[in-house]
Amino acid sequence: MMERLIRRFPSPVSGYLIPILGHMAKRTFSLQTLLIVPFVLLTVGTVGLVGYLSHRSGQQAVESLANRLMERISDRVIQKLDTYLQAPHQLNQSHRAALESGAVSFDRHEELHHYLTLHLLQTEAVDSFQFGTPDGTFRFIHRISPDDIGVNTNLQTSDLPFEFGRSTPGTPSIMNIYSMDAQGTPLREVDTLYNVDVRHRPWYKRAMETGESGWSEPFQIGRKQILTLNYSMPVYDEDQHLQGV
């Protein structure tokens, strides 16, 4: 009877465990596999970690190099700007010393004009010198570039690469433009400008209102889309009356 029940209802051991064990036996691993796989995993993991660390190290090195280069370039730009922007200040200091010593005077317009012309011929640090007085006298000497010919000036290529303009107290808003020789003497009139009263120019107004040297705001000059900066310096007599800028 019992033998029949066993045949009809197999025990867990005989009916279920044996097939399971048999299935596991089919997935047994060889000793070679068990020895190789861990080393492969370790090698792959090590290579991956080293590669990641190298990549991060490379990124940091590139970033550090880029930062050093940017700092070096920034220092050079600042040094260049300091040198470039110091030139107008130093030139105006020299001009004011000449005016205060009596070597030149705002009252002697032609003499001051020739003095500034000589200085502009000797330096390439600035493009122009200008001076104006409270009575409306206005003079400028300007260096012309080849790109200006036919665009921003009526000078010809055969002219000396300088032009100068002058307004008088009688007609302060009208400026006559001339070509000139190396001494600043006018050769021929090339243009006439209107509404150029020096007392309304940004650099003159700034110097008159503040009583100090300094830079004007950027503004357009001539007919080209070019901005300029002017460094102006007011000059006073012993009674602190403005002589000119």
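Not measured: the values here are computed from a predicted model.

Asks: I tried to follow unusual backbone geometry on my own but got confused; where do I start?
Replies: One non-glycine residue, asparagine 195, lies in positive phi territory at about 55°. Note on asparagine 195: relative accessible area 70%, which makes it exposed. Unusually for a residue other than glycine, glutamine 240 sits at a positive phi of about 65°. Residue placement: glutamine 240 occurs in the loop between β10 (235–236) and β11 (242–244).

Asks: What exactly am I supposed to notice about the packing of aromatic side chains here?
Replies: Aromatic ring pairs: the centre-centre distance and the angle between the two ring planes describe each pair. For the coordinates displayed, the defined rule picks out six aromatic pairs. Where phenylalanine 138 meets phenylalanine 140, the ring centres are 6.5 Å apart and the plane angle is 50°; that geometry is what we call tilted. Residue class for phenylalanine 138 comes out buried when judged on its relative accessible area of 4%. On the basis of relative accessibility, which here comes to 12%, the residue phenylalanine 140 falls in the buried class. Here tryptophan 203 and tyrosine 204 contribute two aromatic rings whose centre-to-centre distance is 6.2 Å and whose plane-to-plane angle is 75°, an arrangement assigned as edge-to-face. You'll find tryptophan 203 and tyrosine 204 in the same group, each marked buried. Put simply, the rings of Phe138, Phe140, Trp203 and Tyr204 pair up and form one aromatic cluster.

Asks: Looking at this model, I keep getting lost on helix α4 (residues 109–122). Mind explaining?
Replies: An α-helix turns once per 3.6 residues; consequently, residues spaced three or four apart project the same way. In a regular helix each residue adds 1.5 Å, so 14 residues correspond to 20 Å; α4 covers 20 Å between its end C-alpha atoms and thus fits that length. Within the span of α4, buried status applies to Leu112, His113, Tyr115, Leu116, Thr117, His119 and Leu120.

Asks: What exactly am I supposed to notice about the sheet that holds strand β2 (residues 138–143) here?
Replies: Strands pair in a sheet through their backbones, by hydrogen bonds, and they do so in one of two ways: parallel or antiparallel. The five strands are arranged β1-β2-β3-β4-β5 in an open sheet whose pairing can be described as antiparallel. Bordering the open sheet on either side are β1 (128–132) and β5 (186–194), each of which pairs with just one other strand. Strand after strand, the sheet turns through a mean of 20° between neighbouring axes, direction not considered. Sheet topology note: the strand β4 (residues 171–180)/β5 ladder contains seven bridges and is antiparallel. Paired with isoleucine 174 across the strands is tyrosine 194, a residue of β5. Strands in contact with α4 are β1, β2, β3 (162–168) and β4; relative to β2, the strand with the most contacts, it is inclined by about 20°.

Asks: Any chance you could explain the pairing of β2 here in plain terms?
Replies: It is a general feature of regular strands that their side chains alternate between the two faces of the sheet. Taking burial as the measure, the six residues of β2 include six buried ones, the bulk of the element. Residues Phe138, Phe140 and His142 line one face of β2 and the alternating positions Arg139, Ile141 and Arg143 line the opposite face, and both faces are buried. Summarising the sheet, β1 and β2 pair through five bridges and their orientation is antiparallel. Each bridged residue has a counterpart across the sheet, and for serine 128 the counterpart in β2 is histidine 142. Between β1 and β2, which pair antiparallel one after the other, the connecting turn spans five residues, and glycine 136 there sits at a positive phi close to 100°.

Asks: Can you walk me through the pattern of salt bridges in this structure?
Replies: Two side chains bearing opposite charge may form a pair once their charged atoms approach each other closely. Applying the stated criterion across every chain, the model contains four salt bridges. Note that glutamate 111 and arginine 108 form a salt bridge whose closest N and O atoms lie 2.5 Å from each other. Salt-bridge contacts for arginine 139 lead to glutamate 110; the nearest nitrogen and oxygen are separated by 2.5 Å. Placement of the pair is arginine 139 in strand β2 and glutamate 110 in helix α4, with a sequence separation of 29 residues. Judged by its relative accessible area of 6%, arginine 139 falls in the buried class. Glutamate 110 gets classed as partly exposed once you look at its relative accessible area, which sits at 39%. One salt-bridge network, in which partners are shared between bridges, spans Glu110, Arg139 and Arg166.

Asks: I'm lost on helix α5 (residues 202–210) in this one. Help?
Replies: Every buried residue of α5 is listed here: Trp203, Tyr204 and Ala207. Taken down its axis, α5 places every buried residue within 100° of arc, on the same side. Following α5 by one or two positions, glycine 211 has its phi on the positive side, about 70°.

Thresholds applied
- Position numbers for residues count from 1 along each chain, tracking the sequence in the order it is written.
- Per-residue local features are limited, in this predicted model, to residues with pLDDT of at least 70; the limit for side-chain atom pairs, both in listing and counting, is 80 or more; totals at the level of whole chains, interfaces and linings are taken over all residues.
- Each side-chain value is worked out from all heavy atoms of the structure, with water and hydrogens disregarded.
- Burial classes: relative accessible area under 20% of the type maximum marks a residue as buried, over 50% as exposed, and values in between as partly exposed (1.4 Å probe, protein chains only).
- Comment: elements are numbered from the N terminus, with helices defined as DSSP H or I runs of at least four residues and strands as E runs of at least two.
- Pairs were defined over the aromatic rings of Phe, Tyr and Trp, the Trp ring being its six-membered one, requiring ring centres within 6.5 Å. Orientation was assigned from the angle between planes: stacked under 30 degrees, edge-to-face over 60, tilted for the rest.
- Multiplying 1.5 Å by the helix residue count minus one yields the expected span of that helix.
- In this description, strands pair whenever DSSP reports at least two bridges between them.
- Lines are fitted to the C-alpha atoms to define the axes, a helix being fitted only along its stretch in contact, and any angle between axes, read from their N-to-C directions, falls within 0 to 180 degrees.
- Pairs of residues are marked as contacts when any of their non-hydrogen atoms sit within 4.5 Å.
- Salt bridge, as applied in this entry: a Lys or Arg side-chain nitrogen positioned within 4 Å of an Asp or Glu carboxyl oxygen.
- To obtain the arc, one takes the directions from the helix axis to the C-beta atoms.

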